[in-house]
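# A look at the structure
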Amino acid sequence: MTDPSHEKGIDSLSGFFGSLLARSRSLREDMVHETERLRVRIQELESDVAAADLLLAKDWDDIKSERDRLRLEVLKLAAENRDFAQRYVELEDRSTSLANLYAATFQLHSTLDPKAVVQCIAEIAINLIGAAEFIVYLADEVKGDFVVAAREGDLPPRVERIGAPTLPIEKTAMEQGRTTFAA
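The numbers attached to residues start from 1 for each chain and follow its sequence in the written order. Only residues with pLDDT of 70 or above have their local features reported here, since the model is predicted, and side-chain atom pairs are shown and tallied only from 80 upward, although totals for entire chains, interfaces and linings are computed over all residues. Calculated side-chain values reflect all of the structure's heavy atoms, with hydrogen atoms and water omitted.

## Description of the pattern of salt bridges
The condition is simple: For this analysis, a salt bridge means a side-chain nitrogen from Lys or Arg found within 4 Å of a carboxyl oxygen belonging to Asp or Glu. Secondary structure counts use DSSP, requiring at least four H or I residues in a row for a helix and at least two E residues in a row for a strand, with both numbered from the N terminus. Working definition: with a 1.4 Å probe on protein chains only, accessible area under 20% of the residue-type maximum means buried, over 50% means exposed, and in between means partly exposed.
A complete count under the given rule lists 8 salt bridges for this structure. The salt bridge partner of Asp-62 is Lys-58, with a shortest N-O separation of 3.1 Å. In this pair, Asp-62 and Lys-58 both sit in helix α1 (residues 4–108), 4 residues apart, roughly one turn of the helix. Here Glu-66 makes a salt bridge to Arg-69, at a shortest N to O gap of 2.6 Å. Note that Glu-66 and Arg-69 are positioned in helix α1 at a spacing of 3 residues, about one turn of the helix. Overall, Arg-69 belongs to the partly exposed group, its relative accessible area being 43%.

Right, dumping it as structure tokens:
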């Protein structure tokens, strides 16, 4: 015979193990369900990361192409700026030359005194033209020769008068009474 308290203990122990088994099955099913849910979530996150990588790569390419376009635009603008600066300097030089020319012509036409006119011509040759050496001759129609009116530098001849015209340019100056230039 079996002891009723022993059977009751076995039944109690059997109920406890059954309860543990049922809980274990429930936990196992919860674990399987949770694992499946996490696997799906991991796939979603991997898909999101891949989409973000594609988006970032596209944005990066767009940013690089925009940067390259802007770099070319900056180089183009810098070249344009240099061109405008060079043009400005040229215009400034021309403006200065025109102002100097105006001042020289005003000064030249401000007097009728022959010595003052010759002095103005010499100043124009030095300051406006930038001549370092020159000689200005005036025709002496009475004597038929040329006299040195102004001189700059160490040009020969060192004589104050040049005899009768022999060169074609000298003859033209004497015969026509016109201003003549020779280099």
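## With respect to the pairing of strand β1 (residues 134–140)
Formally: In this analysis, strands are considered paired if DSSP registers two or more bridges between them.
Where β1 lies against strand β2 (residues 145–152), 7 bridges are found, and the strand directions are antiparallel. What sits directly across from Asp-140, in β2, is Asp-145. In this antiparallel pair of consecutive strands, β1 and β2, the connection spans 4 residues, and Gly-144 shows a positive phi of 75°.

## Concerning the environment of Arg-151
Tracing the chain through its elements places Arg-151 in strand β2. For Arg-151, a relative accessible area of 21% translates into the label partly exposed. Along the chain, Arg-151 and Val-136 lie 15 residues apart, while their C-alpha atoms are 6.3 Å from each other.

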